[in-house]
Structures are given as C-alpha cells and as structure tokens.
Amino acid sequence: MASVTITGSTKPPSARSAPAGAARAQGDPFVPRMLLGKRLRELREGARLSRPRAGLAVGASESKIARLELGRTRAKPGDVGGLLDRYGAEPDERATLLALAEQTGARPWWHGDGDIVPRWVRDYLSAEQAAKLVRTFEAQFVPGLLQTEDYARELVRGPRPEDEAEVERRVEFRMRRQRVLRRRPRPLNLWVVLDEGALWRPVCAPATMRMQILHIIEQCRRPNVTIQIAPLGISGQIAGDGSLTLVRFPQQGLQDMVYLERPDNAVYPTRRAEIEHH
C-alpha cells in the first residue's frame, strides 16, 4: 500500500537472492493455506469437535489448530493427515488436502526481498498477487499499485538521507508489485477511491506530483482499473482511522480479506461480521 514504510537491512542487491518473478508467484503458499484451513475447519465442525479435542489427535494446542484453520502457518502433512484421520475424511479429499499441505511450504513471491518487507504486510502482498479484485480507500497517499517510480522514490527516501542503492531496491520492489495489473490472461481488477487531499499533499516536488496525476489519468484508461476521487473533507465523515483495502479471490468459498493499514502495523479482521461491516 501507499503508506507502507519499508525498513530493513542495507544489504546490497548483489548480496540478496535473485528477485522473485512470475514463476515464483505461482507457488506462493498464501492461497493453499487459506483453502486448506477453510476445509479443515469445515471438517472439524462436521465431526462436531472443538479445537482442543481436534488438537489431541496430533498433539497440537488449540492455538495451533486455530492458526491452521486461519491459514496463518505452514501445514505439516503429518499433522494434516492425523487431523483428516480424526475427521473421517474420504480418500479422494484426503489426497487433495495433503497435496495442499505440501504447497503451504512454498516460498512466497516476495521471499527474495523478505529483509525489506515488514512482517505485517506480507500476507497482504501475497493476497494482492493472488486476487481477482482489490478495492481500496486511501486518504493520505497515492496507493502503491498506482505510484510512479519518482513518486515512490520520494516517499521511500523521506525526509532523511538514505543509501541510494537501498532506495532503488525498494522502489523496484514496489514497481514489481504493479505487474499484477498487466498480467495475462487475467489482470487484477483494481478499484481505488482516493481522497482529493492526497493529490494536494506536498509529499514530493510539484513536477513529480504532476507526472503522478498524469499517470493516474492514464491508468484510468485500463479496463481493469477504476479510480474515483473523493472531494476534500470527505475522509472526516468516514468511520475509521486509516486506509482500507478489501481483497477478493477467484477461488470459490474464500472470504474477502480486509487489510487495515496503520503506522508500523496492520489489522486483518477475520470475523464474517467485521468483513461485511468494512
């Protein structure tokens, strides 16, 4: 997102892993974790078992079962097999879910740049690349998926001088995220509501902001991009205290992700009522 302040080591590009490309994005474990967790929860509830009782089958705590069902952790095939035995899963489904469990250990697409990606934004970055639709409201800055290189560079650099090689690395990472808008055959559908104040805020040089506005106009010509400008002052009439992003996945049955970005942190509400509220 636009207001992410990416921090990390000053390790030079030559010392890090090769940038993650499209091939690695296909192996991102986020969606397999979500699909597996959803089905494990359904099977557990169908067997009328609580999380603590399910955990006894594999020597796991209630919190570990909860993390598995929420897709927040790698699933060991042995643990999944034990749970499926306890739930009485059919052989065909067992094979499918064990295959998903293997995929949950894959490297995420951002792995090669993990040292500059804050932990709290990693799930969102994986979800963004897997999504079919991202809807976002932003009051402070132009969202990352719409930023020009110069605008992103000035945001990343900030008021304090920083190693230029590190600045360029972070800018390149942000530009790489934008490839999802041009992917084939199904580019990401992006719907942005941007507070007009973000276009007036003096976060960069006037010439940089002018080119950024022209870039927004150009992006509006894409059939998969919708950008709406909210009048000045409307943000104060909206409940909430920051940007709001909703992620919708192509996989049937996966609920939307809510991503609430905060300074140096993020919130991911998971209860259905909370998701519907946002």
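Scroll up to find the structure.
Residues numbered from 1 in each chain as written. Predicted model: local features only at pLDDT ≥ 70, side-chain atom pairs only at ≥ 80, totals over all residues. Heavy atoms only, no water.

Before going further, it helps to examine the environment of Asp28. Of note, Asp28 is situated in the loop between helix H1 (22-26) and helix H2 (30-46). Residues Asp28 and Gly105 lie 77 residues apart in sequence; the distance between their C-alpha atoms is 8.8 Å. Apart from residues lying up to four places away in sequence, Asp28 is in contact with Arg107, Pro108, Trp109, Trp110 and Ser126. (Helix = DSSP H or I, 4+ residues; strand = E, 2+ residues; numbered from the N terminus. Contact = heavy atoms within 4.5 Å.)

With that out of the way, let us pick up the nonpolar core. Formed by 39 residues in total, the largest nonpolar core has its most connected members in Tyr124, Leu125, Val142, Leu190, Val247, Phe249 and Met257. When contributions to this core are tallied by element, the ones reaching two or more residues are H2, helix H7 (119-130), strand E2 (189-195), helix H10 (197-200), helix H11 (206-219), strand E3 (225-230) and strand E5 (257-262). For this core, the element with the most residues is H7, which contributes 5 residues. Of all hydrophobic cores here, the second largest spans 16 residues; its members include Ile65, Ala75, Leu83 and Leu84. (Core = buried A, V, L, I, M, F, W, Y, C linked by side-chain atoms within 4.5 Å. Buried < 20%, exposed > 50% of the residue type's maximum accessible area, 1.4 Å probe, protein only.)

On to the sheet that holds strand E1 (residues 133-138). The 6 strands lie next to each other as E3-E2-E1-E4-E5-E6, forming an open sheet whose pairing is mixed. Of all strands in the sheet, those bounded by a partner on one side alone are E3 and strand E6 (265-267). Here the strands of the sheet are splayed against their neighbours by 15 degrees on average, with no regard to which way each runs. (Pairing = 2+ DSSP bridges. Axes fitted to C-alpha atoms, helices over the stretch in contact; angles between N-to-C directions.)

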